[in-house]
2 protein chains.
Amino acid sequence: MLIDCGEGTQIQLRKFKLKFSKIDYIFISHLHGDHFFGLMGLISSFHLNKRTRLLTIFGPNGLDEIITVQLKHSNTRLNFPLRFVPTNPENEELILEEKKFQVLTFPLKHRIACTGFLIKEKSGLRNLIKEKLLENKLPLEAINSLRQGKDFKDESENVIYSVKEYTHPPRPLRSYAFCSDTGFDMEIVKYIKGASLLYHEATFGNEEKERARETFHSTAADAGVIARNAMVGKLLLGHYSTRYLDLSPLLEEARAEFPETYLSEEGITYTLD
Amino acid sequence: MLIDCGEGTQIQLRKFKLKFSKIDYIFISHLHGDHFFGLMGLISSFHLNKRTRLLTIFGPNGLDEIITVQLKHSNTRLNFPLRFVPTNPENEELILEEKKFQVLTFPLKHRIACTGFLIKEKSGLRNLIKEKLLENKLPLEAINSLRQGKDFKDESENVIYSVKEYTHPPRPLRSYAFCSDTGFDMEIVKYIKGASLLYHEATFGNEEKERARETFHSTAADAGVIARNAMVGKLLLGHYSTRYLDLSPLLEEARAEFPETYLSEEGITYTLD
């Protein structure tokens, strides 16, 4: 999964040795250039690298036209199927349902149609307690039932093997919320409640609060307020204005609102645990 | 003047400290992504940097639609006038006439409409010989006439001051020919005859001659043959297939046809003298 794709994304992917042929889903938040000018280059490289696997792109209406026009004028017929799914800038929507995760979009408050993305892990199978399996040889039926979180019962509904006794409680489910470009908007809180990790833009510092309001961007402190109200695990800041050569004031201002805040930096991996 | 604009051009311009606000003319040879995917990013940056000066883009039909569609969906009204001039892929054409230079396009032989560019210096004013001016005080009229290469005569058409005696012969006029993507095509020779510097693609080496013919690209030797027949000053190779980690065989193969051949490399300045 790739969220947003500014100019030079494929160059950065190569630089950081990320195998971009593995990308199956691309999510574009909105149609300002810094969020999608690298998309055509990536699509072209997939084509030149003889990709055959389906690529699905989620993004605002109009992105399909932008892609189609460029393929038309370069007389390109892609080697692989490309599916485009328009996002809804007005309401929360489930856009992808996979075995292990789902993806939702929700409205952001920017100058043009813009959505956030929430990637949520789905409840998986429980793990059996090894020691208990060594004590008793369980039938396959019982194992399947327990892994799905159901007690194994006999015909008279007596519990023979209980989920509690035979399995570990499931790992807490992880989720990642991504708010690319948005003005301060408390409406966002309800969509991202309890996310393990929230990426929220922090274009400006407190001293540019007015400018943030005018341009539909957020301050670092705004991002902190959203994170605190949404009770997320961690907050990751990004989308800094180029005026900030030193980002530590932004980090401090956000931490005053929400201590578990970090600066996103190029090429760094952030883990959700 | 900028010729072609692949993805990341603005990043490279910044890296090599080239002031890209100075660019007034952009020439796009054809609509394959590696030749224009950086154009929208550059236009956007001009806009964000509050450019007000006219920008003129020369390129194939369809490029205007590609630009317009993207401006429309990002709801952008540029701060500066953008003029688009379609190039003619069928015939040689004068597309720009400036005080000191002119630019012509000519057809290349590629899979889609593609043109080469020839930038030609125009004949300038002659320089006066200092020592002669100290001997004689010339009237302004005579000076203007001599600088324009005309003998200064009296009413009876007798030469008073001759161009030959009073001025240096003009510096030879420089020209630069750019052949982005093209199959081997002797038709090109007539358009670029005598250019001071020829950039010609050299995607492949001799061992891939067949592949070059199939894909409408050239070998390094092809570029050398064109350079020799066009009697250019120097040949600059480029557009190498990524398979060549070592470019010296390409250079050798071209030099076998045309000794004054050089490899173009990123970030290097090549002077015309």
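Starting afresh in each chain, residues are numbered from 1 along the sequence in its written order. Labels are handed out in written order, letters beginning with A for the chains and numbers beginning with 1 for the ligands. For this predicted model, a pLDDT threshold of at least 70 governs which residues receive local features, and a threshold of 80 or more governs which side-chain atom pairs are given and counted, while totals over whole chains, interfaces and linings are taken from all residues. Hydrogens and water are ignored here; the side-chain numbers use all heavy atoms of the structure.

(A) Up close: unusual backbone geometry. One non-glycine residue, Asp4 of chain A, adopts positive backbone phi at about 60 degrees. Only DSSP runs of H or I reaching four residues or more are called helices, and only runs of E reaching two or more are called strands; each is numbered from the N terminus. Mapped onto the fold, Asp4 of chain A is located in the loop between strand E1 (2-3) and helix H1 (9-15). Positioned with a positive phi, Lys50 of chain B is a non-glycine residue whose angle comes to about 60 degrees. Within the element layout of this structure, Lys50 of chain B appears in the loop between helix H2 (39-48) and strand E3 (55-59).

(B) Structural context of the side chain of Arg51 of chain A. Residue and element names in this part refer to chain A. Relative to the assigned elements, Arg51 resides in the loop between helix H2 (39-48) and strand E3 (55-59). In the analysis that follows, any N or O atom pair within 3.5 Å is treated as a polar contact, provided that within protein one partner can donate a hydrogen and the other can accept it, and provided that, for residues neighboring in sequence, both atoms belong to side chains. Separated by 2.7 Å, the side chain of Arg51 and the backbone oxygen of Arg53 make a polar contact. Two residues form a contact once any of their heavy atoms are found within 4.5 Å. If we skip the residues at most four places from it in the chain, Arg51 touches Ser21, Ile23, Asp24, Phe46, Asn79 and Phe80.

(C) Representation of the pairing of strand E6 (residues 101-107) of chain A within the structure. All names here are of chain A. Summary of the burial criterion: residues with accessible area below 20% of their type's maximum are buried, those above 50% are exposed, and those between are partly exposed, where the area comes from a 1.4 Å probe applied to protein chains only. Counting buried residues along E6, seven of its seven residues qualify, which places the element largely inside the surrounding structure. When DSSP finds two or more bridges between a pair of strands, those strands are recorded as paired. Sheet analysis places strand E5 (residues 93-97) next to E6, joined by four bridges and oriented antiparallel. Pairing of Leu96 across the sheet is with Val103, part of E6. Where E5 folds back on E6, the antiparallel hairpin that results is connected by three residues.

(D) Broad picture of the sheet that holds strand E6 (residues 101-107) of chain B. All names here are of chain B. Across the sheet, which stays open at both edges, the seven strands sit in the order E5-E6-E7-E10-E11-E12-E13 with mixed pairing between neighbours. With partners counted over all chains shown, the strands left at the sheet margins are strand E5 (93-97) and strand E13 (261-263), one partner each. Each neighbouring strand pair of the sheet contributes to a mean axis angle of 20 degrees, computed without reference to strand direction. Here four bridges tie strand E7 (residues 115-121) to strand E10 (residues 175-179), and the two strands are oriented antiparallel to one another. Within E10, the position partnered with Phe117 by the bridge is Phe178. For every element, the axis is a line fit to its C-alpha atoms; helices are fit only across the contacting stretch, and the angle between N-to-C directions ranges from 0 to 180 degrees.

(E) View of helix H10 (residues 248-257) of chain B. Residues and elements named next belong to chain B. Of all the positions in H10, only Leu250, Leu251, Glu253 and Ala254 are classed as buried. Down the axis of H10, the smallest arc covering the buried residues is 165 degrees, so these residues share one side. For H10, the exposed residues lying more than 90 degrees away from the buried face are Glu252 and Ala256. Check the buried side of H10 and you find it contacts helix H9 (220-230), strand E12 (234-238) and E13. Here the arc refers to the set of directions running from the helix axis out to each C-beta atom.

(F) Fine view of the relation of the copies chain A and chain B. Fitting of the copies onto one another was done by least squares over C-alpha atoms, counting residues only where both copies have pLDDT of at least 70. Superposing chain A onto chain B requires a rotation of 179 degrees together with a translation of 0.1 Å along the rotation axis, leaving an RMSD of 0.2 Å. When the rotation and shift are considered jointly, the pair of chain copies conforms to a two-fold rotation axis. The C-alpha atom lying nearest the rotation axis in chain A is that of Gly8 of chain A; the distance is 2.8 Å. Taken as a fraction of all interface residues of chain A, those also at the interface in chain B reach 100%, which identifies the copy contact as same-surface.

(G) Representation of the environment of Lys150 of chain A. Residues and elements named next belong to chain A. Position of Lys150 relative to the elements: it lies in the loop between helix H5 (140-147) and strand E8 (152-153). For the pair Lys150 and Arg126, spaced 24 residues apart in the sequence, the C-alpha separation amounts to 10.0 Å. Setting aside its immediate chain neighbours within four residues, Lys150 contacts Ser145 and Val163.

(H) Region of interest: the interface of chain A and chain B. Taken together, the 24 residues of chain A in the interface contact 24 residues of chain B. Two parts placed together each lose some accessible area under a 1.4 Å probe, and adding up what both lose gives the buried area. Counting the surface lost from both chain A and chain B, the interface buries some 1,800 Å², and carbon and sulfur atoms represent 59% of this. By the criterion of area lost to chain B, the three top residues of chain A are Glu7, Phe37 and His73 of chain A, representing 35% of everything that side buries. Basic side-chain nitrogens of Lys or Arg form a salt bridge, by our definition, when they fall within 4 Å of a carboxyl oxygen of Asp or Glu. Remark: the boundary between chain A and chain B carries two salt bridges. The interface formed by chain A and chain B includes eight residue pairs in polar contact (both at pLDDT 80 or more). Of all the secondary structure elements, the ones that give two or more residues to the side of chain A that touches chain B are H1, H2 and helix H3 (63-73) of chain A.

(I) Layout of the sheet that holds E6 of chain A. Residue and element names in this part refer to chain A. With respect to topology, seven strands assemble into an open sheet ordered E5-E6-E7-E10-E11-E12-E13, the strand pairing being mixed. Both edges of this open sheet fall to E5 and strand E13 (261-263), since each of them pairs with a single strand only. Going from strand to strand, the sheet's axes swing by 20 degrees on average, the running direction of each strand aside. As paired elements, E6 and strand E7 (residues 115-121) share seven bridges and run antiparallel to each other. Paired with Thr105 across the bridge in E7 is Phe117. Each of strand E12 (234-238) and E13 touches helix H10 (residues 248-257); the most contacted strand, E13, lies at about 165 degrees to it.

(J) Representation of the domain arrangement of chain A within the structure. All domain edges in this entry derive from an automatic or database-based domain assignment. Annotation of chain A at the domain level lists domain 1 (1-86), domain 2 (90-124 + 171-273) and domain 3 (130-166). Inter-centroid distance (C-alpha atoms) of domain 1 of chain A to domain 3 of chain A is 47 Å.

(K) Up close: the packing of aromatic side chains. Any pair of Phe, Tyr and Trp rings, taking the six-membered ring for Trp, is counted once the centres come within 6.5 Å. Such a pair is stacked with planes under 30 degrees apart, edge-to-face with planes over 60 apart, and tilted for the rest. Following the criterion strictly, the structure yields 22 aromatic pairs over all chains and no others. With 6.1 Å between their ring centres and 20 degrees between their planes, Phe152 of chain B and Tyr161 of chain B make a pair best called stacked. Owing to a relative accessible area of 14%, Tyr161 of chain B belongs among the buried residues under this scheme. The rings of Tyr25, Phe27, Phe58 and Phe117 of chain A are connected pair by pair, giving a single aromatic cluster.

(L) Here's a closer look at the pattern of salt bridges. Applying the stated criterion to the full structure yields 26 salt bridges over all chains. The salt bridge involving Lys72 of chain A is made with Glu65 of chain B; its shortest N-O contact spans 3.3 Å. In this pair, Lys72 of chain A sits in helix H3 while Glu65 of chain B sits in helix H3 (residues 63-73), so the two residues belong to two different chains. A relative accessible area of 49% means that Lys72 of chain A is categorised as partly exposed. On the basis of relative accessibility, which here comes to 30%, the residue Glu65 of chain B falls in the partly exposed class. In this structure, Arg243 of chain A and Glu208 of chain A form a salt bridge, with 2.6 Å as the shortest nitrogen-oxygen distance. Taken together, the positions of Arg243 of chain A in the loop between E12 and H10 and Glu208 of chain A in the loop between strand E11 (197-201) and helix H8 (209-215) put the pair 35 residues apart, joining distant regions of the chain.

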